[in-house]
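Each chain is listed here by its residues.
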Amino acid sequence: MRLSRFFMPTIKETPSEAQIVSHRLMLRAGMIRQSSAGIYSWLPLGLRVLRKIEQIVREEQDAIGAQEMLMPTIQPADLWRKSERYDAYGPEMLRITDRHDRDMLYGPTNEEQVTEIFADAAKSYRDLPKMLYHIQWKFRDEVRPRFGVMRGREFFMKDAYSFDLDFEGAKRSYNKQFVAYLKTFKRMGLTAIPMKADSGPIGGDMSHEFVILADTGESEVGCHRDLLENEWLNTIDLEGDLQVVVDSFTDKYAATDDERDLDIEGSLGDDLVVARGIEVGHIFFFGTKYSKAFNAVVTGPGGDEITAEMGSYGIGVSRLVGGIIEASHDDDGIIWPESVAPFKVGLINLKVGDDECDKACEDLYRQLQDAGIEVLLDDRDARAGAKFADMDLIGLPWQVVIGPKAVEAGVVEFKNRASGDRQEISAEAAIAQLTA
RNA sequence: CGGGGCGUGGCGCAGUCUGGUAGCGCACCUGCUUUGGGAGCAGGGGGUCGGAGGUUCGAAUCCUCUCGCCCCGACCA
């Protein structure tokens, strides 16, 4: 992509409405623009990141056998009356009336919708287990939206739903999602800590919030140091027994804010980590609450009726964009982990109009594109300082700077955004590093 | 929903208390000079002050109502 053509309206000054760093940087980098309180448009740069995150989530869901579908944003009120949540949900639910005066709503979640669909189709125990998910916009009419996309009213979310024949099956599904979540966040360069959450009316211990650590997180959390170590996750056999993996996490102390136990923390000594966190995922088992309401019942092997045991699993995809920035930035701007970066490398032409510089940049730009590297070429006729500042702001993992001096010396300047390390190397060497 | 704050060119703000017909920086346009970390000089365009009503000879400034946004709290992926 050429920056001269790319729609990326960066802002030098800090917009006054943005308080936290991710919100400020997303506005300044031209990733989003606010439409109204808690509702945002995603500009090209922001959308690229959103899509990257979405894709990682999708791949890890697919890896545990969940199947993607897509349910509507607008749902009929009757669906929610069946589960008795229409009245229970309160003013957070955005209620709409259509032209025929039918009560509709903008979905805050999809348990009812998916259960109705599943119930209508599943007849035999052979139809289970199943896991279905979709990645869709949701709306919760928060009283007080804030923190940009971290706490918007409209938000993009992955929600998965599992249907199993019995509790043991539900537990297997739960464990798969548990491990998938660990892998998902790890791939985004995040340290995610599963924390026991209020499991609601069902009870038991099958409800966890996944909290990522960031200095600017909303709440303070305490946990055992071992929970930060999950390098071995990639070697897990997803078809094997995941209980031991899950146990290795849930056995250890981890608690948010008011759940913290200072006695336990004191006993941990050096193993205690206290940090700030942002909740980015929530998984829980809720049994037959919805399967009963929607008659999600199948015939068992012996002709008996079996009500599906269900769980649901959410990840705040749009929130993660802000969350990753909270966890990875410096005074100059964003520092994207490579896996979610909008482009892998920014190529800066320091002297647009200079034949040598133009040629060197065009050649390298072409070669990187041919190699399948996502590259953003700053070919704007702007001052060097502005280009450096913008490139640091948008936080691409690598920068290649080409100016008259470098061209003469037959090198390019190769910079790592995260470490700030620069080296002068040949264009070929830069390509080699970027394609490694 | 309780408490607080703010709406003035695209952005950030001053002016409001003590009414007199709008100003600064950045951005933008033109020219010249510059050209490795958001340039310099000169010239220029753009706002009727969130909206409605009222008081007054006169309102960005005072009064009433209203809309929007932000912050703290309670609540949440």
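Reading the values: the criteria
Residues numbered from 1 in each chain as written. Chains lettered and ligands numbered in written order. Predicted model: local features only at pLDDT ≥ 70, side-chain atom pairs only at ≥ 80, totals over all residues. Heavy atoms only, no water. Helix = DSSP H or I, 4+ residues; strand = E, 2+ residues; numbered from the N terminus. Rg over C-alpha atoms; globule rule 2.2 N^0.38 Å. Buried < 20%, exposed > 50% of the residue type's maximum accessible area, 1.4 Å probe, protein only. Contact = heavy atoms within 4.5 Å. Lys, Arg positive; Asp, Glu negative; His and termini not counted. Charge placed at Lys NZ, Arg CZ, Asp CG, Glu CD. Pairing = 2+ DSSP bridges. Axes fitted to C-alpha atoms, helices over the stretch in contact; angles between N-to-C directions.

**Student:** Mind laying out the overall build of chain A, listing which residues take part and the relevant values?
**Tutor:** Each helix and strand counted, chain A has 14 helices and 23 strands in total. Computed over the C-alpha atoms, the radius of gyration of chain A is 24 Å, within 12% of the 22 Å expected from 2.2 N^0.38 for a compact globule of 436 residues. For the C-alpha atoms alone, the extent of chain A along its principal axes is close to 80 × 60 × 40 Å. Within the span of chain A, comprising 436 residues, buried residues form 53% of the whole. Excluding contacts between residues fewer than 6 apart, the proportion of contacts in chain A whose partners are at least 24 apart in sequence is 70%. Placing the 51 positive and 75 negative side-chain charges of chain A at their respective mean positions leaves the two points 4 Å apart.

**Student:** A description of the environment of Ala255 should follow, citing residues and the corresponding values.
**Tutor:** Note on placement: Ala255 falls in strand E12 (residues 254-256). The spacing of Ala255 and Thr235 is 20 residues in sequence and 27 Å in space, taken between C-alpha atoms. Setting aside its immediate chain neighbours within four residues, Ala255 contacts Met195, Glu220, Val221, Gly222 and Arg260.

**Student:** Kindly report on the sheet that holds strand E4 (residues 74-76), identifying the contributing residues and their values.
**Tutor:** What the three strands build is an open sheet, ordered E4-E6-E5; its pairing is antiparallel. Every interior strand has two partners, whereas the edge strands, E4 and strand E5 (94-97), have only one. Adjacent strand axes in the sheet meet at a mean angle of 35 degrees when their direction is disregarded. Across three bridges, the pairing between E4 and strand E6 (residues 103-106) is antiparallel.

**Student:** I'd like a rundown of the pairing of strand E10 (residues 207-213), residues and numbers included.
**Tutor:** Counting buried positions over the seven residues of E10 gives seven, a clear majority of the element. Burial of the side chains of E10 extends over both faces: Ser207, Glu209, Val211 and Leu213 are buried on one face and His208, Phe210 and Ile212 on the other. Pairing between strand E9 (residues 192-196) and E10: five bridges, direction antiparallel. Bridge pairing links Pro194 to Phe210 in E10. Summarising the sheet, E10 and strand E13 (residues 272-287) pair through seven bridges and their orientation is antiparallel. What sits directly across from Phe210, in E13, is Gly281.

**Student:** Go over the sheet that holds strand E21 (residues 398-402), please, and point to the residues and values.
**Tutor:** On the basis of which strands lie adjacent, the open sheet formed by five strands has the order E20-E19-E21-E22-E23 and mixed pairing. Looking at the sheet topology across the chains shown, the edges are occupied by strand E20 (375-378) and strand E23 (422-425). Direction aside, neighbouring strands of the sheet carry axes that sit 20 degrees apart on average. Summarising the sheet, strand E19 (residues 345-349) and E20 pair through four bridges and their orientation is parallel. Pairing of Val345 across the sheet is with Val375, part of E20. The strands touched by helix H11 (residues 355-370) within the sheet are E19, E20, E21 and strand E22 (412-416), with E19 carrying the most contacts at an inclination of about 165 degrees.

**Student:** Before we move on, could you go through the pairing of E23 and cite the residues and values that matter?
**Tutor:** Of the strand pairs in this sheet, E22 and E23 are connected by four bridges, and their pairing is antiparallel. In the sheet register, Val412 faces E23, and the bridge partner there is Ile425. Counting the residues that bridge the hairpin from E22 to E23 gives five residues, and of these Gly420 lies at a positive phi of roughly 80 degrees.

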